[in-house]
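# Topology and contacts: notes
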There are 2 protein chains.
Amino acid sequence: MPNEHPAPPRRTPARRVTIYDIAKHVGVSASTASRALHKPGRVSKATEERIKRAAAELGYRANPAARALPTGRTGTIALLVADITNPVSFEMVRGAEREAEKHGYVLVTSEFREDHVKEASRARSLAPSVDGFVLASSRLDDDAIATIAALNPVVTINRESPSAFSVLADHEPALRELVRTLAAEGHDRLCYLGGPESSWTNAKRWTAIEAAARDEQIEALTIGPNRPTREAGQRALDAVRDTGASAVIAYNDIMAIGLLTAARDAGLRIPEDFSITGIDDIFGSDFTCPPLTTIAAPLDDMGAAAIRHVHAALSGERDRGTEKYPTQLLMRGSVGPAPQPKGRK
Amino acid sequence: MPNEHPAPPRRTPARRVTIYDIAKHVGVSASTASRALHKPGRVSKATEERIKRAAAELGYRANPAARALPTGRTGTIALLVADITNPVSFEMVRGAEREAEKHGYVLVTSEFREDHVKEASRARSLAPSVDGFVLASSRLDDDAIATIAALNPVVTINRESPSAFSVLADHEPALRELVRTLAAEGHDRLCYLGGPESSWTNAKRWTAIEAAARDEQIEALTIGPNRPTREAGQRALDAVRDTGASAVIAYNDIMAIGLLTAARDAGLRIPEDFSITGIDDIFGSDFTCPPLTTIAAPLDDMGAAAIRHVHAALSGERDRGTEKYPTQLLMRGSVGPAPQPKGRK
DNA sequence: CTGTTAGCGCGTTCAC
DNA sequence: GTGAACGCGCTAACAG
């Protein structure tokens, strides 16, 4: 802990009301009050009613810390995302938050900025104050995830791991469809603009593209690894052109947007000179010039599902497994026919 | 609490190491261990060293809940934002998170989706588990904020309130400059596309625009209130055209982008037929067609500052006041000369 | 169905 | 400089 937060000059203590206050007020013991408030049916209907009324009147709020001590449950779930400012995170965070609230959990969201060291350290420091973890686009290896999972249930999003439940977007069919479409448009060499090496999905995506290209009997090559940023997308323009490919599939929309704007700045016409596609369907991908062809996943649902599985694991249900979500190819203006029809086939 | 999370089937307890473990391990009392770990100099240099070593060896992690009980401090700060999926939130969240981590706090981020009822209820339910609040773009009235501030220090972002410390972006100079520029380009009637009624900044922005327009001797009118969404921006196109204004300043970039895309879909040329500007400089505002003229604020710094002020308040420093941050007008392609010079003056 | 007792892990008196 | 004892608010175990 780099810094301590001292307590000395306490703020207006304004003592909060406890179960003892309401117990005294009603004329029962504290444990009865506790039961009435949280254990359904363990107390007579009449006194339960009186206790609940008193609690409402006095404005009682359970102290989570006090509750966590005997139960070992904090009522908090941590969601670790690679990059908060990546629009991909939004929908996931929103879905997770909605579901967490629904089950009475507080959600703590934290980003690790694509840094696996930071990710591990955040998990370690958060571990004592949460009941479980959701790791979105984790950069950790299986051992590191296992370490975390030893103390708390872990659900991963877009990352498979033997020690966690995994919620995945199945990009394979959409990528295959995309490659088929590109081939049909006459593209006979396509380039995958790769993402971070430590990204599990990066490898998956390239594998799917490669296989699809083979089936379509067109060439596929990849450049990378690259950081998943706009800047990286921009800087990749020359490398992409050097490949001689007429179509590019970028690791994600952020990179695709970087590449697209760089291409336009360089005087290229999209898609006449060049087809570009991304993955994710982030905010903004529909209003680039031209709008970006991309692949959408139900990130909102996936975020919610992850929380649901953490909750299930905490309730004693199985905490390993995989759940796949379908994705959808969105054809937009950034894809067009190959520039020089070479008459393949 | 809509739902309880039952504890019964506890997960591999895997008892965590406590100060007692390390105390026994070293051969001292628990209180000495506690002191050595957190009270500088209250224990002999030698034993302090041994205790710290033991703590490290055993992998000791303080139990925040147990700590919170006697101290009343949870080490957590809540950040409430209007809309997580609005890119405006990102930078603020990121800055806040960075600063929170720096001071050893855990940050809980939660959105209330522009709903003041939800905002209040979130604050109420979070109150017992946090040390303080940051309310970003709060939709609450002063009384509601005062209620929250009675229990925990509150810092507001882009919202002034008598019972909280306020971190504000000062849009007035940039708006004035923008209006002056528009006037110089020949626009003699401009329209403010208003945001939500409950938004404090909405009123501020309109006031600044109105005053600047008066000074420039051009006409300014406003339409609204509107929800701060892309859809609202799109739907406003007709209303905006009906005003006869040749330039629009939107409440924020999201709405501006909605308006811009709707205008283009309707066959209008921007900025030849119409100048459009936003406020916020969100992700995406630089790659619309044409790029959006907007006003940028140091949201990252403001988020960090808010946390700093919560921390300061918790340390007994003053918890009322105002801190203003300068903003910057970014002229981009969406602004041009007025379509039909009417030869004002 | 309900009251009593004990203890969660830690900080903090108060003695020594 | 250090240890023993108490209590934070709540739940759990054990009576009754």
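The rules behind each value
- Residues numbered from 1 in each chain as written.
- Chains lettered and ligands numbered in written order.
- Predicted model: local features only at pLDDT ≥ 70, side-chain atom pairs only at ≥ 80, totals over all residues.
- Heavy atoms only, no water.
- Near = heavy atom within 4 Å.
- Polar contact = N/O pair within 3.5 Å; in protein donor to acceptor, adjacent residues only side chain to side chain.
- Helix = DSSP H or I, 4+ residues; strand = E, 2+ residues; numbered from the N terminus.
- Nonpolar A, V, L, I, M, F, W, Y, C, P; charged D, E, K, R; others polar.
- UniProt positions renumbered as here; feature names shortened; annotations may be inferred.
- Disulfide = S-S within 2.5 Å.
- Buried < 20%, exposed > 50% of the residue type's maximum accessible area, 1.4 Å probe, protein only.
- Least-squares fit on C-alpha atoms with pLDDT ≥ 70 in both.

It is worth spelling out the protein's contact with DNA strand D at this point. The local shell around DNA strand D holds 27 residues, among which A:Ile19, A:Ser34, A:Tyr60, A:Arg67 and B:Thr32 are the closest. For DNA strand D, the fraction of atoms within 4 Å of the protein that belong to sugar or phosphate moieties is 61%. Within the side chain of A:Ser34, an N or O atom sits 2.4 Å from a phosphate oxygen of DNA strand D. A:Arg67 has a polar side-chain atom sitting 2.7 Å from a phosphate oxygen of DNA strand D. Breaking the surface near DNA strand D down by element, the ones donating at least two residues are α1 (19-26), α2 (30-38) and α4 (64-71) of chain A together with α2 (30-38) and α4 (64-71) of chain B. The dominant element in the surface near DNA strand D, judged by the number of residues it contributes, is α4(A), at five residues. Here the surface near DNA strand D is built from residues that sort into eleven nonpolar, eleven polar and five charged.

In this structure's numbering, the residues bearing the UniProt feature "domain: HTH lacI-type" (unreviewed entry) are residues 17-71 of chain A. With 71% helix and 0% strand, residues 17-71 of chain A has its two end C-alpha atoms placed 21 Å apart.

Counted according to the given criterion, the structure contains one disulfide over all chains. Here A:Cys289 connects covalently by a disulfide to B:Cys289, the sulfurs 1.3 Å from one another. Every disulfide takes its handedness from the sign of the S-S torsion; for A:Cys289 and B:Cys289 that torsion is -120°, giving left-handed. Note that A:Cys289 is positioned in the loop between β9 (275-277) and β10 (294-296) and B:Cys289 in the loop between β9 (275-277) and β10 (294-296), a pairing that runs across two chains. Note on accessibility: A:Cys289 and B:Cys289 belong to one class, buried.

With that settled, the discussion passes to the relation of the copies chain A and chain B. Overlaying chain A on chain B yields an RMSD of 0.2 Å, the required transformation being a rotation through 180° with an accompanying axial translation of 0.1 Å. With respect to symmetry, the two chain copies, as superposed, fit the operation of a two-fold axis.

A few words now on the protein's contact with DNA strand C. Around DNA strand C there are 27 residues in total, and A:Ser31, A:Thr32, B:Ile19, B:Ser34 and B:Arg67 lie nearest to it. When atoms of DNA strand C within 4 Å of the protein are sorted by moiety, sugar and phosphate together comprise 61%. A distance of 3.2 Å separates a base nitrogen of DNA strand C from a polar atom in the side chain of B:Tyr20. Measuring from a phosphate oxygen of DNA strand C, one finds a side-chain N or O atom of B:Lys39 at 3.0 Å. Elements with a contribution of two residues or more to the surface near DNA strand C: α2 and α4 of chain A together with α1 (19-26), α2 and α4 of chain B. Here the surface near DNA strand C gets five residues from one element, more than from any other, and that element is α4(B).

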